[in-house]
Amino acid sequence: TDPQSHVTSHHNQACLTWWARALFGLFKSSFRLGISTVAEIVPETCEAFWSSLKEEHMPVPTEHVWRNTAKRFEERWNFPNCLGAIDGKHIVIQAPGNSGSLYFNYKSTFSVVLLAVVDADYHFLVMDVGSYGSNSDGDIFSNSTLGKGLREGTLNVPPPAELPGAPELGKVNHVIVADEAFLLKLYLLRPYPGRHLPRDMKMFNYRLSRACRILENCFGILSQGFKVFHWHLQASPMVVDSIVKAACILCNYLRPSDQNSQDDLVQDESSNCTAIGLLRHLQGNRATIEAHNLRDIYKLYLNSPAGQVEWQYEQVHGGLGCN
């Protein structure tokens, strides 16, 4: 469906220019529109983009979608049974009136949080936006529809499957990969915490961080495509939510569907020193014994002949040497 059928072309042009300039004042002078008119056009147009594109470009994932995502993560990022990478991004906003510290985050700015799961090819699979900036990524995930659906098993996730070339390890859960901000779960892997880890744990952390890197790149594409995210958004939290949803769905809409396309943001393997260094300072979190066992199975696999890649040892030792 063409989103332009839902709003006039003048409104579309005005809305996109606002995204580029990020200021209601400039928007007003560019199109000779009153501020009240602008305040109506922006959310109206954003909601039109979202409602007309979401069914095709960000549908509720089916089992087929999850399986295809896992296949692509194994092919492109060498991480099997992976349903996506998850992380949060703070969208900086002007402090809402009478909101106290609800939107005040650890970076000493006011924000709402975009929590997103992305696939191996820079597409947003699932997103949740609008949570207070004071909340942690882990708490937002636990209370989100995605988190609840994964806990309750209602999201069409494929059943456990063998890891490629390692039937002796049995069938293991498909997982989402995340950083240390999230709790270890039977459906979510996070790095091993600690400074002085044995080599096999360091190797797991490296391979996990490499798979998670797709999310940072995806957020970078979002910010580069929509310069409005470089400044404080001067709009109410509800309007900000509409802007973020529209930007994410447009990223998917504009992203090439060719899975073999290359992206400038994909880094060379020699550039992982920073990621490895950061993983040395992780904090621990409570998790079930079963979740720990699941992570140990993935660790064993990624250090085995069936799961290792030829350059991983050089990258881990080289990365640690950069600190």
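Our structure's up above, just so we're on the same page.
Residues numbered from 1 in each chain as written. Predicted model: local features only at pLDDT ≥ 70, side-chain atom pairs only at ≥ 80, totals over all residues. Heavy atoms only, no water.

### Section: the overall build of the chain
In step 1: Summing up its helical and strand segments, the chain has eleven helices and seven strands in all.
In step 2: Counting every position in the chain, which comprises 323 residues, the buried fraction comes to 50%.
In step 3: Counting contacts in the chain only where the partners sit at least 6 residues apart, residues at least 24 apart contribute 71% of the total.
In step 4: Carbon and sulfur atoms make up 51% of the accessible area of the chain, which totals about 15400 Å². (Helix = DSSP H or I, 4+ residues; strand = E, 2+ residues; numbered from the N terminus. Buried < 20%, exposed > 50% of the residue type's maximum accessible area, 1.4 Å probe, protein only. Contact = heavy atoms within 4.5 Å. Areas by Shrake-Rupley, 256 points an atom, 1.4 Å probe, with all protein chains shown as cover.)

### Remarks on the pattern of salt bridges
In step 1: A full pass over the atoms with the stated rule returns seven salt bridges.
In step 2: Notably, a salt bridge pairs Lys71 with Glu75, separated by 2.6 Å at the nearest N-O pair. Taken together, the residues Lys71 and Glu75, both in helix 4 (residues 63–77) and four residues apart, mark about one turn of the helix.
In step 3: For Lys71, a relative accessible area of 47% gives the class partly exposed.
In step 4: The closest approach of N and O atoms between Glu75 and Arg72, which form a salt bridge, is 3.0 Å. Taken together, the residues span about one helical turn, with Glu75 and Arg72 both in helix 4 at a distance of three residues.
In step 5: You can call Glu75 partly exposed: its relative accessible area is 43%.
In step 6: Given the relative accessible area of 8%, Arg72 is considered buried.
In step 7: When salt bridges with common partners are traced through the structure, they connect Lys71, Arg72, Glu75, Arg76 and Asp121 into a single cluster. (Salt bridge = Lys/Arg side-chain N within 4 Å of Asp/Glu carboxyl O.)

### Quick look at the packing of helix 4 against helix 7 (residues 199–225)
In step 1: Relative to each other, helix 4 and helix 7 sit at 110°, their axes nearing to 11 Å. When the axis of helix 4 is compared with that of helix 7, the two are roughly perpendicular. Facing Phe73, Arg76 and Trp77 of helix 4, the residues of helix 7 in contact are Arg210, Ala211, Arg213 and Ile214.
In step 2: Residue composition of the contact of helix 4 with helix 7, grouped by class: four nonpolar, no polar and three charged. (Axes fitted to C-alpha atoms, helices over the stretch in contact; angles between N-to-C directions. Parallel < 35°, antiparallel > 145°, perpendicular 65-115°, else oblique. Nonpolar A, V, L, I, M, F, W, Y, C, P; charged D, E, K, R; others polar.)

### Re helix 8 (residues 237–254)
In step 1: With 18 residues, helix 8 should reach 26 Å at 1.5 Å per residue; the first-to-last C-alpha distance of 25 Å fits that figure.
In step 2: Burial analysis of helix 8 places 14 of its 18 residues in the buried class, which makes it a mostly covered element. (Expected span 1.5 Å × (residues − 1).)

### Section: helix 7
In step 1: Taking 1.5 Å of rise per residue, 27 residues should cover 39 Å, and helix 7 covers 39 Å from first to last C-alpha, within 8% of that figure.
In step 2: Along helix 7, the sharpest kink reaches roughly 30°, centred on Ala211.
In step 3: Across the 27 residues of helix 7, 19 count as buried, placing the element largely inside the fold. (Bend = angle between axes of the 7 residues up to and from the residue.)

### Observations concerning the sheet that holds strand 3 (residues 124–132)
In step 1: In spatial order, the strands read 3-2-1-6-7; together these five strands make up an open sheet with mixed pairing. The open sheet terminates on both sides in strands that have one partner only, identified here as strand 3 and strand 7 (188–189).
In step 2: Pairing of strand 2 (residues 111–118) with strand 3, which is carried by seven bridges, proceeds in the antiparallel orientation. Within strand 3, the residue paired with Val113 across the bridge is Ser131.
In step 3: Strands strand 1 (82–92), strand 2 and strand 3 of the sheet are contacted by helix 8, whose axis makes an angle of about 165° with strand 3. (Pairing = 2+ DSSP bridges.)

### With respect to the pairing of strand 1
In step 1: In terms of burial, strand 1 is a largely internal element, ten of the eleven residues being buried.
In step 2: Note that strand 1 and strand 6 (residues 175–177) share three bridges and pair parallel. Paired with Ala85 across the bridge in strand 6 is Val177.
In step 3: Judged from the eight bridges that link them, strand 1 and strand 2 form a sheet pairing that is antiparallel. Each residue of the ladder has a partner; that of Ile91, found in strand 2, is Val112.

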